[in-house]
Amino acid sequence: MWATLPAAAALVLGLGAYWFQPWKLWQDATVHEALPTSSAKAAGPAPASSALPPGPQTLARGTLISHEHTTTGTVELIRLPDGSRTLRLEDLDTSNGPDLRVWLSDAPVKEGVAGWSVFDDGKHVSLGRLKGNKGDQNYGIPADVNLTDYRSVTIWCDRFDVSFGAAALTAA
């Protein structure tokens with residue numbers, strides 16, 4: 001019996017390390033993407049040149065607040081000249097973690113612990129994995145997403161169902 005105890009302890013420690021991934025707290029991934037001029041995923045023909053302004057147009061914006069981890073930066077919802085839409089994170093600075101996602105949500109942004117877990121209670125859409133925990137990055141918004149249904153953005157840890165940080169969106 002005593003001979004199996006070290007093997008069992010090693011298995012539990014290995015599974016715990018895989019699940020929590022604590023080394024990510026000391027690893028930063030910095031991304032510096034320029035604002036795209038169009039989306040490669042834009043559906044259908046480009047709109048008439050008179051239908052949209054010639055450059056990117058900010059539709060909404062917000063400032064990130066901290067939840068589970070200290071998080072700063074800004075968020076913008078941007079319509080590109082081809083009609084596609086992008087969520088842009090600028091000057092993002094948060095902790096790294098396992099399974100981080102960028103979500104649009106219909107939940108209100110609440111400060112403190114009260115805001116940590118509200119974003120998966122209602123309507124939300126994942127725009128994909130967080131590309132890096134620092135820097136400037138873009139996330140395409142699917143054409144079928146009605147932006148009026150969403151009023152916030154969260155950096156969401158899907159593994160632990162908690163917000164690292166979030167921003168309330170206000171019309172530009």
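Residues numbered from 1 in each chain as written. Predicted model: local features only at pLDDT ≥ 70, side-chain atom pairs only at ≥ 80, totals over all residues. Heavy atoms only, no water.

Asks: With reference to specific residues and values, describe the sheet that holds strand E3 (residues 65-66).
Replies: Sheet architecture is open: five strands sit in the order E3-E10-E9-E6-E7, paired in antiparallel fashion. Strands at the two margins of the open sheet, each flanked by one partner only, are E3 and strand E7 (124-129). By the bridge criterion, five bridges tie strand E6 (residues 100-105) to E7 in an arrangement that is antiparallel. Directly across from Val102, in E7, lies its bridge partner Gly128. (Pairing = 2+ DSSP bridges. Helix = DSSP H or I, 4+ residues; strand = E, 2+ residues; numbered from the N terminus.)

Asks: So what's going on with the packing of aromatic side chains? Residues and values would help.
Replies: Taken as a whole and assessed by the stated rule, the structure comprises two aromatic pairs. On the basis of an interplanar angle of 20 degrees and a centroid distance of 4.8 Å, the ring pair of Trp103 and Trp156 is categorised as stacked. Of this pair, Trp103 sits in strand E6 while Trp156 sits in strand E9 (residues 152-157), and the two are 53 residues apart along the sequence. Like Trp156, Trp103 is buried. (Phe/Tyr/Trp six-rings, centres within 6.5 Å; stacked < 30°, edge-to-face > 60°. Buried < 20%, exposed > 50% of the residue type's maximum accessible area, 1.4 Å probe, protein only.)

Asks: Can you explain the sheet that holds strand E11 (residues 170-171)? Please cite residues and give values.
Replies: Taken in spatial order, the six strands make up an open sheet running E1-E8-E5-E4-E2-E11, and their pairing is mixed. Lying at the two open borders of the sheet, with one neighbouring strand each, are strand E1 (30-32) and E11. By the bridge criterion, six bridges tie strand E2 (residues 57-63) to strand E4 (residues 72-79) in an arrangement that is antiparallel. By the bridge assignment, Gln57 is partnered in E4 with Arg79.

Asks: Outline the pairing of E2, listing residues and values.
Replies: In this sheet, E11 lies alongside E2 in antiparallel orientation, the contact comprising two bridges. Looking at E11, one finds that Arg61 is bridged to Thr170.

Asks: How would you summarise the pattern of salt bridges if you had to cite specific residues and measurements?
Replies: The final tally for this structure, using the stated rule, is seven salt bridges. Asp93 serves as the salt-bridge partner of Lys134, at 2.3 Å between the closest nitrogen and oxygen. You can see Lys134 sitting in strand E8 (residues 134-141) and its partner Asp93 sitting in strand E5 (residues 85-93), a full 41 residues away along the chain. Exposure remark for Asp93: the relative accessible area of 35% places this residue in the partly exposed category. (Salt bridge = Lys/Arg side-chain N within 4 Å of Asp/Glu carboxyl O.)

Asks: Run through unusual backbone geometry, naming residues and quoting values.
Replies: Phi is positive for Asp99, close to 60 degrees, though the residue is something other than glycine. According to the relative accessible area criterion, Asp99 is buried, its value standing at 16%.

Asks: Please set out the side chain of Arg88 residue by residue, giving values where relevant.
Replies: Relative to the helices and strands, Arg88 resides in strand E5. Of note is the side chain of Arg88, whose polar atom sits 3.0 Å from the backbone oxygen of Glu33. A distance of 2.8 Å separates the side chain of Arg88 from the side chain of Asn138, its partner in a polar contact. In this view, Arg88 contacts Glu33, Ala34, Leu35, Thr74, Val75, Glu76, Ile78, Asp136, Gln137 and Asn138; residues no more than four positions away in its chain are not counted. (Polar contact = N/O pair within 3.5 Å; in protein donor to acceptor, adjacent residues only side chain to side chain. Contact = heavy atoms within 4.5 Å.)

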